[in-house]
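# Secondary and tertiary structure notes
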Number of protein chains: 2
Amino acid sequence: MKSQNRTVAEQVESLFRCNATPVDLAHDVIDRASECIGLNAFVSLDPDHVVTQAKQSDLRRRRGRPLSPIDGVPIAVKDNFLTQDYPTTACSNVGPGGQPNEDATVVANLRAAGAVIVGKTNMHEWAYGATNTYSRFGATINPHNEDCISGGSSGGSGAAVAAGIVGAALGSDTGGSVRIPASACGVYGFKPSYGRASRHGVLALSWSLDAPGLLSSSIDDIPLLLPYFLGVDKRDPTTSNAKPFSRVQNIDDFKLINLVGTGLERSEEVGQALEKVLGNISSNALSATIPDIQSFFCAWETILHCEASSFHDERMKLYLDKFGETMQSHLLAGQEITGVELLYAQRLRSKFLNILINQLPYWDALVLPTLPVVAPRFGEQTQMFGDRVVSTQDSMTWFCWLGNLAGLPAISIPVATSSSGLPIGLMLMGRPGEDEKLLSIAKSIDKSVGYTQRVWNQ
Amino acid sequence: MKSQNRTVAEQVESLFRCNATPVDLAHDVIDRASECIGLNAFVSLDPDHVVTQAKQSDLRRRRGRPLSPIDGVPIAVKDNFLTQDYPTTACSNVGPGGQPNEDATVVANLRAAGAVIVGKTNMHEWAYGATNTYSRFGATINPHNEDCISGGSSGGSGAAVAAGIVGAALGSDTGGSVRIPASACGVYGFKPSYGRASRHGVLALSWSLDAPGLLSSSIDDIPLLLPYFLGVDKRDPTTSNAKPFSRVQNIDDFKLINLVGTGLERSEEVGQALEKVLGNISSNALSATIPDIQSFFCAWETILHCEASSFHDERMKLYLDKFGETMQSHLLAGQEITGVELLYAQRLRSKFLNILINQLPYWDALVLPTLPVVAPRFGEQTQMFGDRVVSTQDSMTWFCWLGNLAGLPAISIPVATSSSGLPIGLMLMGRPGEDEKLLSIAKSIDKSVGYTQRVWNQ
């Protein structure tokens, strides 16, 4: 992709000024995807179909009747969003089966705005893992270092954006699955508040934790795309009170809380990068701890496993041994949870939200690193940081699950490069429903950081 | 109690006109309670304390400064509402333990309005049963026939109101526990919409199904007391969007749906009484069935058992054998439910609400008998109706659970007397949050029925 058209914001501008046509952008995507085939970012991409969509967009634009400012912008879609043109496999040997031939609501919204749906991106099987090392199509490679994982479960989307194949890609996030690959691959990742974006047509992992989100090349891409995510969808009752997207105001003064303490440890390098960012912004960040955070992590895990085993109940009966090994053991573990244990987890969840909202001093955003470490290398079973040895899986969700358990909007922004040349991400979480305010805070911090993204093999 | 002061509405009128003082009413209560001691309706009642409260009310009224229209009105309270003056035992040998010495929100609201809290009424152990045959204080007797049960779990409140000891009494309702004794004892029973009335300080049976409610001598008593039930209470987060009580409008034309079909059978006598009522009102009632109602009943039962076992988790570990036999087996059964089963029940619950709200033709109220049979006799293990043999417990909740699973406001009104001289109740359920409309429909039907309550031994 030509460097001036790398971000969605740049693409929108180029299309508007007729410096590029949708067909130009489509060819850029196809060429770049072909160069980056080794990343294994896409599991389906039909060049002819991409060009056909782009030509239709071209025609609309030449007639002076684009459907929206993003008419002609190429968007990649994680393989757990239903799409009417591409198959949806959840990157598993046990496919969803019997799904209607229709677009997920978010995909339908983007398509109705003229976006060119490029293809489906690789993911961790059924989104049930945060490394993108297990997919029926093989692992996704980190564009910054081929020995490193992309993070998951939306790793294909992370790699596709980081490699400059597309400006933005859809992901889903149950415990960080948008933010983890965004951080590991050095791009932006946004998860809306629970219940503000329709989950209709997005294959569930854990329906009370899942949110559809997006990964992008710049902070400015997010407000261009978020209008197609937020708002009421009759087909997802949890959105019944969802406000549509409203304009992002500039905010200069905001209250941050820097979450620290037991259970929130991070590597020295990641910690220093975060401190440096916080030192450079004008707003003050209070530090705060959350008591007994391990019990809330267990609540998140209990709800996740139990809902996933419920969702896959029929598939387990028929095809258990066709799932990957890790997913099999997760699903079996989920079946062993008792109702009383689940209720305990659900009650802890309410308590956790109450702590964040009512017991901490007032905050506009909570600050954490997105990951406690940089992208792990393939084959590493554990990560070491803060005197802990943590499984690579748990190190990926280490901070991210907080936003899902509490239903908060959350964003990962790239803020630094490690000594090993890997990206380091900063996470901000907003108050429930205050997605726009979170974005404006993120934009302010992004600007003050002035981090220039180092795109792989540019 | 003097016959002109039997209902709360009459008491309010008498107090307003100075035809009676709060102390007069208090003595009426004490005298009548003493006459009716054999019913076993009260588990604690301190005559001196009742008179003391009444004297304070007297003083306020004589100074022309009553706290509200109900200042001085005697109210009885089910023994699972916390009260700062009376002990709260849940009528079990395993008491709640460690509860703060404070009033439940509803009790506090009534006390702040000047109501005289008479004492605590008998109930089925921990509200975990619909017959009022098991209480640490012994069973409650039906005022209409000493061989018959009062129904439960708020049986003491039902008997106290039916016998004319008090005009109104508090109850709680998880699967009909307000409406069942109301119907069995021939009084009115109202359960608000879930989440509109604070459960704070009401000992839980199943927190997602429980609602505090009231039993009363007349339909007009309910709008006099409901203002103290409805509205936001910070100590019960489920009320965070609760509207306060608003004035009940008169409604002449309303759409009723008469629920019938498999799983909703009733005895011939009860069925005929209901048909007679529906034949005498001007509004039309459509008939409708609910497919596969047994699965929704199972969902209600699963949620109930699981939440109850969760709530009593610690008590079970310490004191299991001190609970009554039935409660022990319920609690053990609840522990065996898996998380996946509970989630299935929770999903069926959403489906059930969707059927009622979106798939039936539009309705203002759903109509059912409150019970499929009249009050069973002590010792009867089963009831026979509509070619079924059903346990006495399940026959009590036969229709009532629908309102709890869907969170609907619901009312039982007495409409007829059986050939055996026992009351027959009609149940109306409104749309969620439309408590006032339900009341106005109930009032219209109550008027057209013109049923005169036959009070025991008047």
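Bear in mind that the values here come from a model prediction, so they are computed numbers and not experimental data. (Residues numbered from 1 in each chain as written. Chains lettered and ligands numbered in written order. Predicted model: local features only at pLDDT ≥ 70, side-chain atom pairs only at ≥ 80, totals over all residues. Heavy atoms only, no water.)

Here we come to the overall build of chain A. If you tally the helices and strands in chain A, you get 15 helices and 15 strands. Each principal axis of the C-alpha distribution contributes one length, and for chain A these read about 60 × 55 × 45 Å. Evaluated residue by residue, chain A yields a buried proportion of 64% over its 458 residues. Pairs at least 24 apart in sequence give 76% of the contacts found in chain A among residues at least 6 apart. When the accessible surface of chain A is split by element, carbon and sulfur atoms take 49% of a total near 17000 Å². In chain A, which carries 38 positive and 46 negative side-chain charges, the distance between the mean positions of the two groups comes to 7 Å. (Helix = DSSP H or I, 4+ residues; strand = E, 2+ residues; numbered from the N terminus. Buried < 20%, exposed > 50% of the residue type's maximum accessible area, 1.4 Å probe, protein only. Contact = heavy atoms within 4.5 Å. Areas by Shrake-Rupley, 256 points an atom, 1.4 Å probe, with all protein chains shown as cover. Lys, Arg positive; Asp, Glu negative; His and termini not counted. Charge placed at Lys NZ, Arg CZ, Asp CG, Glu CD.)

Applying the stated criterion across every chain yields a total of zero disulfides over all chains. In this structure A:Cys36 is a free cysteine whose sulfur lies 12 Å from that of A:Cys185, the closest cysteine sulfur available. A residue is classified by how much of its surface remains accessible, and A:Cys36, at 3% relative accessible area, is buried. Here B:Cys298 stays unpaired: no disulfide links it, and the sulfur of B:Cys306, its closest cysteine neighbor, is 14 Å away. (Disulfide = S-S within 2.5 Å.)

Between chain B and chain A, the contact holds 17 residues from the first and 17 residues from the second. In total, about 1300 Å² of surface goes out of reach between chain B and chain A, with carbon and sulfur atoms giving 68% of it. It is B:Val340, B:Leu343 and B:Arg347 that lose the most area in chain B upon contact with chain A, and together they represent 42% of the buried surface on that side. Counting across the chain B and chain A interface gives zero salt bridges. In this assembly, chain B and chain A are joined by five residue pairs in polar contact (both at pLDDT 80 or more). For the side of chain B that touches chain A, the secondary-structure elements that each account for two or more residues are helix 9 (293–311), helix 11 (325–336) and helix 12 (339–359) of chain B. (Buried area = accessible area lost by both parts, 1.4 Å probe. Salt bridge = Lys/Arg side-chain N within 4 Å of Asp/Glu carboxyl O. Polar contact = N/O pair within 3.5 Å; in protein donor to acceptor, adjacent residues only side chain to side chain.)

Glancing now at the layout of surface pockets. All names here are of chain B. Counted as a void, the second largest pocket has a volume near 630 Å³. Every residue lining the second largest pocket is counted, 33 residues in all, and those nearest its centre are His124, Ala130, Thr131, Thr326 and Gln393. Contributing elements (two or more residues each) for the lining of the second largest pocket: helix 9, helix 11 and helix 13 (392–397). In terms of residues, the lining of the second largest pocket owes the most to one element, helix 9, which gives five residues. Partitioning the lining of the second largest pocket into residue classes produces 11 nonpolar, 17 polar and five charged. For the lining of the second largest pocket, the domains that each give at least three residues are domain 1 (3–239) and domain 2 (256–406 + 429–435). (1 Å grid on protein atoms, 1.4 Å probe; cavity = no way out; pocket = protein on both sides within 12 Å on 5 of 7 lines; lining within 4 Å. Points joined across faces, edges and corners; volume = space filled by probe spheres on them. Nonpolar A, V, L, I, M, F, W, Y, C, P; charged D, E, K, R; others polar. Domains from an automatic or database assignment.)

Residue and element names in this part refer to chain A. When cut into domains, chain A gives domain 1 (3–239) and domain 2 (256–449). Its C-alpha centre places domain 1 at a distance of 22 Å from the equivalent point of domain 2. Contact residues are listed per partner, giving 55 residues for domain 1 and 58 residues for domain 2. Where domain 1 touches domain 2, the interface holds four salt bridges. At the junction of domain 1 and domain 2, the tally comes to 28 residue pairs in polar contact (both at pLDDT 80 or more).

What follows covers the side chain of A:Thr174. All names here are of chain A. When you line up the elements, threonine 174 lands in the loop between strand 6 (168–173) and helix 6 (179–185). Side-chain polar atoms of threonine 174 contact the side chain of aspartate 210, separated by 2.6 Å. With residues near it in sequence (within four places) discarded, threonine 174 still touches Leu205, Ser206, Leu209, Asp210, Trp300, Leu304 and Asn404.

This part covers the pattern of salt bridges. Under the defined criterion, the tally for this structure stands at 38 salt bridges over all chains. The partner of B:Glu265 in a salt bridge is B:Arg388, with the nearest N and O atoms 2.9 Å apart. Taken together, the residues B:Glu265 in the loop between strand 9 (256–259) and helix 8 (268–280) and B:Arg388 in strand 13 (residues 388–391) connect sequence positions 123 residues apart. Here B:Glu265 falls in the buried class, since its relative accessible area comes to 17%. Connected via shared salt-bridge partners are A:Asp85, A:Asp103 and A:Arg111.

In this structure, two copies of a chain are linked by a rotation about an axis accompanied by a shift along it. Of the transformation placing chain B onto chain A, the axial shift is 0.1 Å and the rotation is 180°, giving an RMSD of 0.0 Å. Such values leave the two copies arranged in the relation of a two-fold axis. Both copies present the same face, since 100% of the interface residues in chain B are matched by interface residues at the equivalent positions in chain A. (Least-squares fit on C-alpha atoms with pLDDT ≥ 70 in both.)

With that settled, the discussion passes to the packing of helix 9 (residues 293–311) of chain A against helix 12 of chain B. Two numbers describe how helix 9 of chain A lies on helix 12 of chain B: the axes approach to 9 Å, and their chain directions differ by 70°. Relative to helix 12 of chain B, the element helix 9 of chain A is oriented roughly perpendicular. Contacts between helix 9 of chain A and helix 12 of chain B involve A:Cys306, A:Glu307, A:Ser309, A:Ser310 and A:Phe311 from the first element and B:Gly339, B:Val340, B:Leu343 and B:Arg347 from the second. Residue composition of the contact of helix 9 of chain A with helix 12 of chain B, grouped by class: four nonpolar, three polar and two charged. (Axes fitted to C-alpha atoms, helices over the stretch in contact; angles between N-to-C directions. Parallel < 35°, antiparallel > 145°, perpendicular 65-115°, else oblique.)

Another point: the UniProt feature "domain: Amidase" (unreviewed entry) in chain A. Look at the UniProt record and you will see "domain: Amidase" (unreviewed entry) annotated at residues 38–439 of chain A. Annotation note: span residues 38–439 of chain A, helix share 33%, strand share 19%, distance between end C-alpha atoms 33 Å. (UniProt positions renumbered as here; feature names shortened; annotations may be inferred.)

With that out of the way, let us pick up the sheet that holds strand 14 (residues 410–417) of chain B. All names here are of chain B. If you trace the 11 strands from one edge of the open sheet to the other, you get 1-3-2-6-8-7-14-15-11-9-10, paired in mixed fashion. Two strands close off the open sheet at either side, each with one partner strand: strand 1 (42–45) and strand 10 (285–288). Each strand of the sheet is rotated relative to its neighbour by a mean of 30°, with strand direction disregarded. Where strand 11 (residues 365–369) meets strand 15 (residues 423–430), five bridges bridge the pair, whose relative direction is antiparallel. By the bridge assignment for strand 15, valine 367 is matched with leucine 428. (Pairing = 2+ DSSP bridges.)

Moving on to the sheet that holds strand 3 (residues 116–121) of chain A. All names here are of chain A. Read from one edge to the other, the open sheet built from 11 strands follows the order 1-3-2-6-8-7-14-15-11-9-10, with strand pairing classed as mixed. The open sheet has two edge strands, strand 1 (42–45) and strand 10 (285–288), and neither has a second partner. The sheet shows a mean angle of 30° between the axes of neighbouring strands, taken without regard to direction. Direction of pairing for strand 7 (residues 188–191) relative to strand 14 (residues 410–417): antiparallel, over a ladder of three bridges. Along strand 14, the bridge assignment pairs phenylalanine 190 with isoleucine 411. Taken strand by strand, helix 15 (residues 435–449) contacts strand 7, strand 9 (256–259), strand 11 (365–369), strand 14 and strand 15 (423–430), and its axis lies near 5° from that of strand 14.

Here we come to empty space enclosed by the protein. In the structure shown here, the tally under the stated rule is four cavities of 30 Å³ or more. What the largest cavity holds in volume is close to 50 Å³. Looking at the lining of the largest cavity, its residues break down into seven nonpolar, three polar and two charged.

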